[in-house]
Amino acid sequence: MAVAAPPVALYVHIPFCVSLCPYCDFVVFAGAVARGPNARIDAFIAALLVEMDLRADTLDTAFPDGRPALETVYLGGGTPSMLPAEALATILERVRERFGIADGAEVTVEANPGPDERGDMAAMRAAGVTRLSIGAQAMSDTELRRLGRRHKVADVAATVAAAREAGIPSVSLDLLYDVPDATLADWMETLEAALSLTPDHLSLYALTLDDPDAEGLTGPGGDHLPTTRGARRWRDAARAIQDEDRAAAEYHHAVHRLGEDGWRGYEISNWARPGHESRHNLVYWERRPYEAVGPGAHAFDGVTRRWNAARLDGYLAALTPGGGKERGLPPGGSETPGAEASVAETVILGLRTDRGVPLAAAQAPPLDDAFGWALAAELLDVTADDRVVLTTRGRLLSNELFSRLV
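The text that follows walks through the structure, step by step, so that each part is easy to find. The numbering scheme is per chain: residues are counted from 1 as the chain's sequence reads. Restriction of local features to residues with pLDDT of at least 70 applies here, the model being predicted, together with a cutoff of 80 or more for giving and counting side-chain atom pairs; totals for whole chains, interfaces and linings are based on all residues. No hydrogens and no water enter the side-chain calculation; it runs on all heavy atoms of the structure.

Here we come to the overall build of the chain. Counting secondary structure elements, the chain contains 14 helices and 15 strands. Note that the radius of gyration is over C-alpha atoms, with the globule rule given as 2.2 Å times the number of residues to the power 0.38. At 21 Å, the chain has a C-alpha radius of gyration in line with the 22 Å of a compact globule built from 406 residues. In this scheme, a residue with accessible area under 20% of its type's maximum is buried, one over 50% is exposed, and one in between is partly exposed, where area comes from a 1.4 Å probe on protein chains only. Within the chain, buried positions represent 51% of all 406 residues. Restricting to contacts in the chain with at least 6 residues of sequence separation, those with at least 24 account for 70%. For accessible areas, the Shrake-Rupley method is used with a probe of radius 1.4 Å. Any residue's cover is judged against the shown protein chains and nothing else. When the accessible surface of the chain is split by element, carbon and sulfur atoms take 52% of a total near 17,500 Å². Here the positive residues are Lys and Arg and the negative ones are Asp and Glu; neither His nor the chain ends is included. To locate a charge, take NZ of a lysine, CZ of an arginine, CG of an aspartate or CD of a glutamate. Measuring between centres, the 39 positive side-chain charges of the chain sit 4 Å from its 58 negative side-chain charges. Each helix corresponds to a stretch of at least 4 residues labelled H or I by DSSP, and each strand to a stretch of at least 2 residues labelled E; elements are numbered beginning at the N terminus. Contact between two residues is taken to exist if any of their heavy atoms lie within 4.5 Å; hydrogens are not considered.

As a further point, take the pairing of strand β15 (residues 387–390). Of the two faces of β15, the one holding R387 and V389 and the one holding V388 and L390 are both buried throughout. Pairing analysis gives two bridges linking strand β13 (residues 357–358) to β15, with the strands arranged antiparallel. Across the sheet, P358 pairs through a bridge with R387, a residue of β15. Paired strands, in this sense, are two strands between which DSSP finds at least two bridges. Here three bridges tie strand β14 (residues 380–382) to β15, and the two strands are oriented antiparallel to one another. Looking at β15, one finds that V382 is bridged to V388. With antiparallel pairing between neighbouring strands as the criterion, β14 and β15 make up a hairpin whose turn holds four residues, including D386 at a positive phi of roughly 60°.

Now for the pairing of strand β4 (residues 131–137). The element β4 is largely enclosed, with a buried count of seven among its seven residues. Here β4 shows no split at all, with R131, S133, G135 and Q137 on one side and L132, I134 and A136 on the other all buried. Where strand β3 (residues 101–111) and β4 come together, four bridges link them in parallel fashion. Bridged to V109 within β4 is L132. With five bridges connecting them, β4 and strand β5 (residues 170–177) associate as parallel partners. Residue pairing in the sheet places I134 in a bridge with L173 of β5.

Within helix α14 (residues 398–405), burial applies to S398, L401, F402 and L405. Summarising the axial view, the buried residues of α14 lie within an arc of 95°, below the 170-degree limit, and thus occupy one face. As for α14, its buried residues are in contact with α11 (339–352), α12 (367–376), β14, β15 and α13 (392–396). Taken from the helix axis, the directions to the C-beta atoms give the arc we talk about.

It is worth spelling out the nonpolar core at this point. For the purposes of this section, nonpolar cores are sets of buried Ala, Val, Leu, Ile, Met, Phe, Trp, Tyr and Cys residues that join through side-chain atoms within 4.5 Å. With 91 residues, the main nonpolar core has I91, L202, L204 and L351 as its most contacted residues. When residues of this core are assigned to their parent elements, the largest contribution, 11 residues, is made by helix α1 (residues 41–62). If sequence neighbours within four positions are ignored, L202 has contacts with S172, L173, L175, L191, A194, L195, L258, W263, S269, N270 and W271. One finds C17, C21, A138 and L144 within the second-largest nonpolar core, a separate group that totals 14 residues.

The three strands are arranged β13-β15-β14 in an open sheet whose pairing can be described as antiparallel. The sheet is open, and its two borders are formed by β13 and β14, each paired with just one other strand. Between N-to-C directions, angles span 0 to 180 degrees; the directions come from axes that are lines fitted to C-alpha atoms, helices contributing only their stretch in contact. In the packing of α12 onto the sheet, the strands contacted are β13, β14 and β15, and the crossing angle to β14 comes to about 95°.

Here we take up the environment of P169. Inspection of the secondary structure puts P169 in the loop between α5 (153–166) and β5. By relative accessible area, P169 is classed as partly exposed at 41%. P169 sits 66 residues away from D103 along the chain, and the two C-alpha atoms are 15 Å apart. Excluding residues within four positions of it along the chain, P169 makes contact with R125, V129, T130, R164, D200 and H276.

Moving on: the pattern of salt bridges. Within this document, salt bridges are pairs made up of a side-chain nitrogen of Lys or Arg and a carboxyl oxygen of Asp or Glu, the two lying within 4 Å of each other. On inspection of all chains with the given rule, the structure shows 29 salt bridges. For D57, the salt bridge identified is with R98, shortest N-O distance 2.8 Å. In this pair, D57 sits in helix α1 while R98 sits in helix α2 (residues 85–98), placing the two residues 41 residues apart along the sequence. The salt bridge involving D354 is made with R264; its shortest N-O contact spans 2.8 Å. Here the residue D354 occupies a position in the loop between α11 and β13, and R264 occupies one in strand β7 (residues 264–267), the gap between them amounting to 90 residues. Given the relative accessible area of 29%, D354 is considered partly exposed.

The description of two helices packed together rests on the angle between their axes and the distance between the axes. One can describe the packing of α1 onto α2 by two numbers: an axis separation of 10 Å at closest approach and a directional angle of 10°. On the basis of the axis angle, α1 is roughly parallel to α2. Contacts from I45, L48, L49, M52, D53, A56, D57 and D60 in α1 reach A87, T90, I91, R94, V95 and R98 in α2. Grouping the constituent residues of the contact of α1 with α2 by class yields eight nonpolar, one polar and five charged. For classification, angles of less than 35 degrees are called roughly parallel, those exceeding 145 degrees roughly antiparallel, those between 65 and 115 degrees roughly perpendicular, and all remaining angles oblique. Classification convention: Asp, Glu, Lys, Arg as charged; Ala, Val, Leu, Ile, Met, Phe, Trp, Tyr, Cys, Pro as nonpolar; all other residues, Gly among them, as polar.

On to the side chain of E106, then. As for its position among the elements, E106 is in strand β3. Lacking a salt bridge, the buried E106 has R131 as its closest oppositely charged neighbour, with an N-O distance of 4.2 Å. Polar side-chain contacts of E106 include one of 2.9 Å to the backbone nitrogen of R279. Other than its neighbours up to four places away in sequence, E106 contacts E71, T72, V73, T130, R131, E277, S278, R279 and H280. Two N or O atoms form a polar contact when they lie within 3.5 Å of each other; inside protein one atom must be a possible hydrogen donor and the other a possible acceptor, and for residues adjacent in sequence the pair counts only when both atoms belong to side chains.

Now for the packing of aromatic side chains. Note on aromatic pairs: each is described by the distance of the centres and the angle between the planes. For this analysis, a ring pair means two rings from Phe, Tyr or Trp (six-membered ring only for Trp) whose centres lie within 6.5 Å, classed as stacked if their planes differ by under 30 degrees, edge-to-face if by over 60, and tilted for the remaining angles. Evaluated as defined, the whole model comprises 10 aromatic pairs. Where F16 meets F44, the ring centres are 5.5 Å apart and the plane angle is 75°; that geometry is what we call edge-to-face. Residue F16 is located in the loop between β1 (9–14) and α1, and its partner F44 is located in helix α1; the two are separated by 28 residues in the primary sequence. Grouping aromatic residues by their ring pairs yields a cluster made of Y177, W187, Y251 and W271.

This is the structure:
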């Protein structure tokens with residue numbers, strides 16, 4: 001039976017952006033909340049530090065004999081790079097004090113490329129950042145406008161150059177495919193433009209236009225925020241002109257182009273130069289325990305999944321209540337998957353990676369019932385060292401396979 005274990009990784013959610021992209025479902029607060037005299041970043045940082053202390057206190061009680069220093073720390077968002085340099089340094093210092101950061105740990109910060117958002121790379125490096133994940137999304141100014149992005153292609157190049165100059169060891173670019181009105185040729189040009197910047201890692205995501213309101217995720221205790229009317233209109237229009245065949249062709253092109261260039265497609269949406277795989281995200285896919293702080297953040301101790309509610313007011317009110325009230329953990333929820341669900345999740349997460357799962361998994365639930373079908377449909381393959389892995393076709397149709405496993 002699984003038992004709870006101390007975290008090997010920490011996710012810190014920084015929920016602020018200068019503006020809100022219409023396709024974004026992350027917990028993000030933009031506009032006056034993020035910039036100007038009424039910004040709430042300072043109040044949020046104060047609350048975040050309190051949450052880190054309370055989570056660390058809980059871990060100290062649960063593991064009185066001590067716990068290992070963190071192998072990875074990931075500041076995501078939102079736009080963590082827009083934090084003042086001293087705020088970012090303060091957060092990482094508190095992480096060191098309360099959780100520990102191991103020698104050689106991976107410390108990632110997400111950045112938007114805009115000149116007023118990319119932040120101080122030298123200060124990040126001085127604070128211990130080892131990896132920068134840049135939200136490029138497209139390498140065409142036309143597509144960037146279509147996606148509601150504020151930056152230009154030249155800003156992506158400038159951000160990569162600044163990261164290199166600051167000595168940040170690993171630089172990643174995020175790109176979107178199946179962008180409305182874009183062609184396969186447009187995608188090929190975007191990929192070539194990204195490769196010309198010589199990044200160490202690429203995350204290539206199909207543009208996904210979910211409806212968190214319809215899924216019941218946006219209530220007071222939910223881990224998503226309600227979708228704005230403008231974003232909903234944009235998504236409805238964009239969804240109507242997406243094309244599954246085009247998306248498949250774009251993904252196939254990326255697989256072949258990057259494979260020819262020596263990149264390792266180590267996960268469905270992620271490629272790396274040797275040694276530059278995201279160690280933090282591998283913690284998720286390997287189902288290892290991780291802690292998380294910030295609005296909407298999810299944590300896992302090996303047994304139970306926990307999340308914070310998305311709404312900023314509730315977060316601040318719990319952690320920094322004022323008026324002499326006792327501070328407490330933010331609202332949220334938790335769930336403990338049963339044994340069958342845990343096994344299914346382990347198989348699904350394993351199949352997302354290029355290591356796959358042991359062949360023995362194909363002879364036990366839940367994969368045993370679907371294994372023959374998936375082989376015949378050319379979704380799965382068996383490697384020479386007896387591992388079951390997704391084919392490229394399997395990666396494209398992974399949701400159909402995974403739905404059969406849960």
